[in-house]
Amino acid sequence: MGGTMGRLSIGVTALQTNQFAMNTTAHNLMNTQTDGYSRQQVMLTDRTYKSLNRDGVYVNRAGLGVITAEIKQVRDSFADAAYRTESGRMNYYKAQYETVSEVETYYGELEGKDFNTTMNNLWLSLQELQKESNSIVTRSSFIATAQTFLDRVKEIRTNLITYQRNLNVEIKEQVSRINELSKTILDLNTSILDIEAGGVESANDYRDARNHALDELSGLVNTEVIYNVDGTAEVYVEGRCIVTKGKTYELETVKVCDNDYYVDKYDFTTDSTDFLMPVWKDDQSALFNIEKIPSTETDTDIGSLKGLMMARGYFVSNYSDVPEKPEKPLAENFANDAEYQQAMIKFEQDLNDYVDKLDYFNKYVEPYTVTNLMSQFDVLVHAMVAGMNDILCPNKEVRLKDGSTIKILDEEKAGIGMGKNNDISGTELFVRSSVPRYTEKTVTLEDGTTQTVKVYNEENPEDYYSLYSAGNININEKLMQNPSLLPLSRESGAEAQEVVDAMLELWNVKFATVSPNSLVECNFMDYYAGMLDDLSDRGYTYNSMAKTQEQSVTDIDALRQQVVGVSSDEELSSLIKFQHAYNASSRYITAVSEMIEQLILQLGS
């Protein structure tokens, strides 16, 4: 009789398991369109068996039904890891490509207001000045065109700096989002642990939410996940733990100038006080190692946050950040061998400095899109501005009695202003904001004579205000008020034709390479074209990489969805199957119940 009654428990377990299966299937169907949801699967297994008797070989056992072993979350950990890596790499290149697309517009090449036209207008104005340099009309026109040129230069520079500041905002927002996601993952770890601690329930929906958060986090920063046996997950970003048991490690953004994360070269109180660096809050160490340039080979080109950092850079650059290779002295240019040997010693020192500066440039300038573009643009502006100034106000080197040398205005070559009371030399077109071109001093020359000269205040890369840089120059106010002061005349009143000719010739002089790592020297127009070509090449590379990665992400996600995705047709088929099984279990219980009833009636009679 006990065996007969036990048949009811078999039917009951079948009802229960099929009910669980139908509930799980319905749950899958309800979440078909839920972002981040992964399919759940009911795993059934036998209950224990009851031994009835045994002989020498066989054991006669009766089954006690079926139970739900596990409601399994269907996922592929390898596909998840691949998806997160490729997604992070895609976001890295997308962030850089968006930067290139934005800054390209600042030069107006696509809007009919290109900087090339501004440069050409200055050249045309010089041509008119060459025809009649003693005309107040042509002088005024040239100065006005130079002012327009400088206004455009400052507009471009301001736009680039503003864009760097805007990237700061995005960087700060992404760091905040990383902290939010790490806190979310920690909370989900706690919920999963609480639910699964009894070993009865599976917190699959919480696991889905955690996986969704991990997917988003991996798009922001390079992420690695380690799953513990208790169901929790430890998360590492850039090789350092950010989520562990019961704790998260927060990030924050700090100003570059307040920390030693960057080469201590710049006066950050001028242009760079707002540059933010992501750091770990507990010990203020940098999130990214800026000494290493990200690359696919080292698997470090991952995460939109790093992409933004590489697009922005860490400071406002200028032409002094681009090293200039020293020229080797030629023996025939020196009076004796001693002077030549002295020049060679200085050349070797300059060459060593150049190597150091080139290494600095390759680490901290060229890899960063906006920083590199700023420096390239400033090289062009400096060459044009300093070139014209040096022709209008030529310098020469003189040796003093103490053996030192200084640069002074070469009054023999310099032109003077036009007209009475304007016949002075040394009036430059472009002036620095706070450092005058010359300071009058009385010096004792090598031959013992005393002379009052105009000593040139040289540019010093350590002092930003001494540079003829785009952000530090203006048109000479004196020339704006009185164009006659432009030094294009001689004492006789004749035109200093060779001065204007030399300024026009500047446009044909090959003055620099677009990059120190390039060998092709360019004139002004070719340099500008090469600079934009270099920017376009970056954009093309970033866009190609982003599209390639996007396709990889799409392909991997498609494979992942084959595992985790919910198919309505498949789930409906499963639902029908479990309904039939449920109905069969009900009929089985009914049959057993009728059999027991019949036995009781028969025994009772």
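Fair warning: this is a prediction, and the values are worked out from it, not measured in the lab.

**Considering the overall build of the protein**
Alright, step 1. Of regular secondary structure, the protein possesses 12 helices and 18 strands.
Alright, step 2. In the protein, which comprises 605 residues, the share counted as buried stands at 46%.
Alright, step 3. Considering only contacts in the protein between residues 6 or more positions apart, those separated by 24 or more positions represent 70%.
Alright, step 4. Taken as a whole, the protein presents about 30,700 Å² of accessible surface, with 49% of it coming from carbon and sulfur.

**Section: unusual backbone geometry**
Alright, step 1. A positive phi angle, close to 65 degrees, is found at Gln 284, a residue other than glycine.
Alright, step 2. Relative to the helices and strands, Gln 284 is located in the loop between strand E10 (276-280) and helix H6 (304-312).
Alright, step 3. Backbone geometry places Asn 421, a non-glycine residue, at a positive phi of 70 degrees.
Alright, step 4. Mapped onto the fold, Asn 421 is located in the loop between strand E12 (405-409) and strand E13 (430-432).

**Digging into the pairing of E12**
Alright, step 1. Where strand E11 (residues 395-399) and E12 come together, five bridges link them in antiparallel fashion. In the sheet register, Val 398 faces E12, and the bridge partner there is Ile 406.
Alright, step 2. Here E11 folds back onto E12, and the loop between the two strands holds five residues, one of which, Gly 403, carries a positive phi near 95 degrees.

**Things to note about the packing of helix H3 (residues 115-131) against helix H10 (residues 497-505)**
Alright, step 1. Two elements in contact, H3 and H10, have axes whose closest approach is 10 Å; the angle formed by their N-to-C orientations is 160 degrees. Here H10 runs roughly antiparallel to H3, going by the angle between their axes. In the crossing of H3 with H10, the sense of the turn from one axis to the other is left-handed. Residues Trp 123, Leu 126, Gln 127, Leu 129 and Gln 130 of H3 lie in contact with H10, whose contacting residues are Gln 497, Val 500, Asp 501, Met 503 and Leu 504.
Alright, step 2. Class assignment of the residues belonging to the contact of H3 with H10 gives a composition of six nonpolar, three polar and one charged.

**Section: the nonpolar core**
Alright, step 1. Among the nonpolar cores identified, the biggest contains 111 residues, and Tyr 107, Phe 115, Leu 126, Phe 142, Leu 160 and Phe 430 are the most heavily contacted of them.
Alright, step 2. Beyond its immediate stretch of four places on either side in the chain, Tyr 107 contacts Lys 113, Asp 114, Phe 115, Arg 152, Ile 156, Leu 160, Leu 373, Phe 377, Tyr 528, Met 531 and Leu 532.
Alright, step 3. Val 398, Leu 400, Ile 406 and Val 443 belong to the second largest nonpolar core, which has eight residues in total.

**Let's talk about the packing of aromatic side chains**
One pair of aromatic rings is described through two measures. These are the centre distance and the angle between the planes.
Alright, step 1. One pass over the structure, following the stated rule, counts 16 aromatic pairs.
Alright, step 2. Geometrically, the ring pair formed by Tyr 107 and Phe 377 is edge-to-face, given 5.5 Å between the ring centres and 80 degrees between the ring planes. A residue pair is termed long-range when its members are at least 10 positions apart, and Tyr 107 in the loop between helix H2 (77-104) and H3 and Phe 377 in helix H8 (residues 369-392) qualify at 270 residues.
Alright, step 3. Exposure remark for Tyr 107: the relative accessible area of 0% places this residue in the buried category.
Alright, step 4. Centre to centre, the rings of Phe 115 and Tyr 528 are 5.5 Å apart; their planes meet at 55 degrees, and the pair counts as tilted. Within this pair, whereas Phe 115 is found in helix H3, its partner Tyr 528 is found in helix H11 (residues 524-564), the two being separated by 413 residues in sequence.
Alright, step 5. Under the relative-accessibility criterion, Phe 115 is labelled buried at 0%.
Alright, step 6. According to the relative accessible area criterion, Tyr 528 is buried, its value standing at 2%.
Alright, step 7. Ring pairing ties together the aromatic residues Tyr 107, Phe 115, Phe 149, Phe 377 and Tyr 528, which thus form one cluster.

**What to know about helix H7 (residues 337-364)**
Alright, step 1. For H7, built from 28 residues, the straight-helix expectation of 40 Å at 1.5 Å per residue is met to within 8% by its first-to-last C-alpha distance of 40 Å.
Alright, step 2. Regarding H7, the residues found buried are Tyr 340, Ala 343, Met 344, Phe 347, Tyr 354, Leu 358, Tyr 360, Phe 361 and Tyr 364.
Alright, step 3. Against the buried residues of H7 lie H8.
Alright, step 4. One side-chain oxygen at the N-terminal end of H7 lies 3.2 Å from the backbone nitrogen of Ala 338; it belongs to Asn 336.

**A closer look at the confidence of the model for the protein**
Alright, step 1. With 88% of its residues at a pLDDT of at least 70, the protein reaches an overall mean of 86.
Alright, step 2. Taken element by element, the protein is modelled with least confidence in strand E3 (residues 59-63), mean pLDDT 63, and with most confidence in E13, mean pLDDT 97.
Alright, step 3. Overall, residues 258-272 carries pLDDT values under 50, and its contacts beyond four positions in sequence, including any with other chains, amount to 40 contacts.

**Looking at the side chain of Asn 476**
Alright, step 1. Structurally, Asn 476 can be placed in the loop between strand E16 (473-475) and helix H9 (477-481).
Alright, step 2. Here the side chain of Asn 476 touches Glu 428 through a polar contact of 2.9 Å, landing on its backbone oxygen.
Alright, step 3. Setting aside residues up to four positions removed in sequence, Asn 476 forms contacts with Thr 427, Glu 428, Leu 429 and Val 431.

**A short note on the pairing of strand E15 (residues 450-456)**
In summary, the side chains of a regular strand alternate between the two faces of the sheet.
Alright, step 1. As judged from the seven bridges shared by strand E14 (residues 438-444) and E15, these two strands associate in the antiparallel manner. By the bridge assignment, Val 443 is partnered in E15 with Gln 451.
Alright, step 2. Linking two consecutive strands that pair antiparallel, namely E14 and E15, is a turn of five residues; a positive phi of about 95 degrees is found at Gly 448 within it.

**Focus on the side chain of Asp 114**
Alright, step 1. The residue Asp 114 is located in the loop between H2 and H3 in this model.
Alright, step 2. There is no salt bridge for the buried Asp 114, and the closest opposite charge comes from Arg 152, which lies 7.6 Å off by N-O distance.

**Considerations on the sheet that holds strand E5 (residues 223-227)**
Alright, step 1. Pairing is antiparallel in the open sheet, where four strands are placed in the order E5-E6-E7-E8. Of all the strands in the sheet, just E5 and strand E8 (247-248) have a single pairing partner and so form its edges.
Alright, step 2. Taken together, the five bridges between E5 and strand E6 (residues 233-237) define a ladder with antiparallel strand orientation. Paired with Val 225 across the bridge in E6 is Val 235.

**Here we look at the environment of Gln 376**
Alright, step 1. Of note, Gln 376 is situated in helix H8.
Alright, step 2. Judged by relative accessible area, which is 3%, Gln 376 ranks as buried.
Alright, step 3. For Gln 376 and Leu 532, which are 156 residues apart along the polypeptide, the C-alpha to C-alpha distance reads 9.8 Å.
Alright, step 4. A polar atom in the side chain of Gln 376 sits 3.2 Å from the side chain of Asp 534.

**Observations concerning the packing of H3 against helix H4 (residues 136-196)**
Alright, step 1. Two numbers describe how H3 lies on H4: the axes approach to 9 Å, and their chain directions differ by 165 degrees. Here H3 lies roughly antiparallel to H4, going by the angle between them. The two elements H3 and H4 meet at a crossing, and its hand is left-handed. Two secondary-structure elements touch here, H3 through Phe 115, Thr 118, Met 119, Asn 121, Leu 122, Ser 125, Leu 126, Glu 128 and Leu 129 and H4 through Thr 138, Arg 139, Ser 141, Phe 142, Thr 145, Ala 146, Thr 148, Phe 149, Arg 152, Val 153 and Ile 156.
Alright, step 2. Across the contact of H3 with H4, the residue classes break down as 10 nonpolar, seven polar and three charged.

Parameters and conventions
Residues numbered from 1 in each chain as written. Predicted model: local features only at pLDDT ≥ 70, side-chain atom pairs only at ≥ 80, totals over all residues. Heavy atoms only, no water. Helix = DSSP H or I, 4+ residues; strand = E, 2+ residues; numbered from the N terminus. Buried < 20%, exposed > 50% of the residue type's maximum accessible area, 1.4 Å probe, protein only. Contact = heavy atoms within 4.5 Å. Areas by Shrake-Rupley, 256 points an atom, 1.4 Å probe, with all protein chains shown as cover. Pairing = 2+ DSSP bridges. Axes fitted to C-alpha atoms, helices over the stretch in contact; angles between N-to-C directions. Parallel < 35°, antiparallel > 145°, perpendicular 65-115°, else oblique. Left-handed = near helix turned anticlockwise from the far one by under 90°. Nonpolar A, V, L, I, M, F, W, Y, C, P; charged D, E, K, R; others polar. Core = buried A, V, L, I, M, F, W, Y, C linked by side-chain atoms within 4.5 Å. Phe/Tyr/Trp six-rings, centres within 6.5 Å; stacked < 30°, edge-to-face > 60°. Expected span 1.5 Å × (residues − 1). Polar contact = N/O pair within 3.5 Å; in protein donor to acceptor, adjacent residues only side chain to side chain. pLDDT = per-residue confidence, 0-100. Lys, Arg positive; Asp, Glu negative; His and termini not counted. Salt bridge = Lys/Arg side-chain N within 4 Å of Asp/Glu carboxyl O.

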